[in-house]
Number of protein chains: 2
Amino acid sequence: MQITTDMIKELRAATGAGILDCRKALTEADGDFKKAVDYLREKGMATAAKRADRLASNGTVELYSHGGGRVGVIVEVNCETDFVARSEAFRQFAHEIALQIAASAPKYVSDKEIPETELLHEGEIAKNRAIEEGKPEAILPKIVEGRISKFKDEVCLLRQAYIRDETITIEKLLNSTVASTGENVIIRRFQRWELGEGLGE
Amino acid sequence: MQITTDMIKELRAATGAGILDCRKALTEADGDFKKAVDYLREKGMATAAKRADRLASNGTVELYSHGGGRVGVIVEVNCETDFVARSEAFRQFAHEIALQIAASAPKYVSDKEIPETELLHEGEIAKNRAIEEGKPEAILPKIVEGRISKFKDEVCLLRQAYIRDETITIEKLLNSTVASTGENVIIRRFQRWELGEGLGE
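Read on for a plain summary of the structure. Given the structure is predicted, the values throughout are model-derived calculations rather than measurements.

### Quick look at the relation of the copies chain B and chain A
Part 1: Each copy superposes on the other: chain B lies on chain A with an RMSD of 0.1 Å after a rotation of 180° and an axial shift of 0.1 Å. The transformation relating the two chain copies, once decomposed into turn and shift, fits a two-fold axis.
Part 2: Of the interface residues in chain B, 100% have counterparts in chain A that sit at the interface too, so the contact is made through matching surfaces.

Below, the structure written as structure tokens:
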């Protein structure tokens, strides 16, 4: 396996070990990053590997608290440069996203994140409910499809209606931020915690 | 299965359905909470079950941001009453915990949360490192034990030295908060996000 300069740089950034040691570790580990970290630690050449897979990126980790600590939101929004990360437009967007999450409690950023089992479960409920309501068999698939789509609109941040302007979705708001900043902007991850809610989710 | 008033209350709180409907749903579901929620939704008697397992609890969801959005911390600290939750001592404690997490980057609240595989992995590294250093075979177990203990002190919040007074651990600080508030205080969960860090952990 070819050991590249980038691989050595990355290992060095993660462990603080010397360049030659990093090259040796990567060679021994046949290019496997985690094994190379272990190798360096075993040799006493790296002290910590807690966050070895750290990667450089720009943006902000935005926080928002609601109800005096009853609801807390943490969201990471990324952009391409530090310049944009510090701009008013980007900061404002990140803040609006945190507010939106606090108010509308999405579960996912996009519909790609919804587990297949959850969609099947929702489909099952929608179908049984339509049967219960006496809907004709022939239109059941269409009804289920419509309800699944509505479900996605509720649980996916990007599909939600923006709380300050319900005529646009968060995805539209994101796109206009991409346009105004001239950079790719990504809502990477979020957590919304409510005091005392169940942890087993 | 006996359907208790508490079960009905809980289902009602989670779904907004009527008391009689909740009783019927629980009976049909043989006391299974999630199935009862599904039953109500299928009957069109409950609209949302996003956070059905919500439980009442006191405390606060505390936030802390560092480096202009480079690091964000969210932590839930629980206590028994709303009175203590609003007290200065409790609020101060929650804030100190958020600061500690931002500064010292623990991975777990207590050592009970460390996955067994991670401990085995750390033990393996410690052992190989000790062999590499030429330590005698006979004292290897003691060395490994010592290093595992040190590892736990680093990654577990409760075992970490308090950043403002390194002579005490966070567990001691917690205990003194329990003493001063007269209530059980629990650090339930936390997340510490660093801008751009790897997500695959």
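### Structural notes on the sheet that holds strand β5 (residues 186-194) of chain A
Residues and elements named next belong to chain A.
Part 1: With respect to topology, three strands assemble into an open sheet ordered β1-β2-β5, the strand pairing being antiparallel. What marks the edges here is a single partner per strand, and that holds for β1 (58-66) and β5. On average, each strand axis in the sheet is inclined to that of its neighbour by 10°, with strand direction left out of account.
Part 2: Of the pairings in the sheet, the one linking β1 to strand β2 (residues 71-79) comprises nine bridges and is antiparallel in character. Bridge pairing links leucine 63 to isoleucine 74 in β2.
Part 3: Sheet strands touched by helix α5 (residues 88-104): β1, β2 and β5. Its angle to β2, the strand with the most contacts, is close to 145°.

### Considerations on the nonpolar core
Part 1: In terms of nonpolar packing, the biggest core is built from 25 residues, with Val75(B), Phe93(B), Ile97(B), Ile170(B) and Ile187(B) touching the most fellow members.
Part 2: Listing elements by their share of this core, those giving two or more residues are β2 (71-79), α4 (82-85), α5 (88-104), α8 (170-181) and β5 (186-194) of chain B.
Part 3: By residue number, the principal contributor to this core is α5(B), which donates eight residues.
Part 4: With residues up to four places along the chain from it excluded, the contact list for Ile170(B) reads Ile97(B), Gln100(B), Leu157(B), Leu158(B), Gln160(B), Tyr162(B) and Ile187(B).
Part 5: Membership of the second largest hydrophobic core comes to 23 residues, among which are Phe93(A), Ala98(A), Leu173(A) and Leu174(A).

About the criteria used
Residues numbered from 1 in each chain as written. Chains lettered and ligands numbered in written order. Predicted model: local features only at pLDDT ≥ 70, side-chain atom pairs only at ≥ 80, totals over all residues. Heavy atoms only, no water. Least-squares fit on C-alpha atoms with pLDDT ≥ 70 in both. Contact = heavy atoms within 4.5 Å. Pairing = 2+ DSSP bridges. Helix = DSSP H or I, 4+ residues; strand = E, 2+ residues; numbered from the N terminus. Axes fitted to C-alpha atoms, helices over the stretch in contact; angles between N-to-C directions. Core = buried A, V, L, I, M, F, W, Y, C linked by side-chain atoms within 4.5 Å. Buried < 20%, exposed > 50% of the residue type's maximum accessible area, 1.4 Å probe, protein only.

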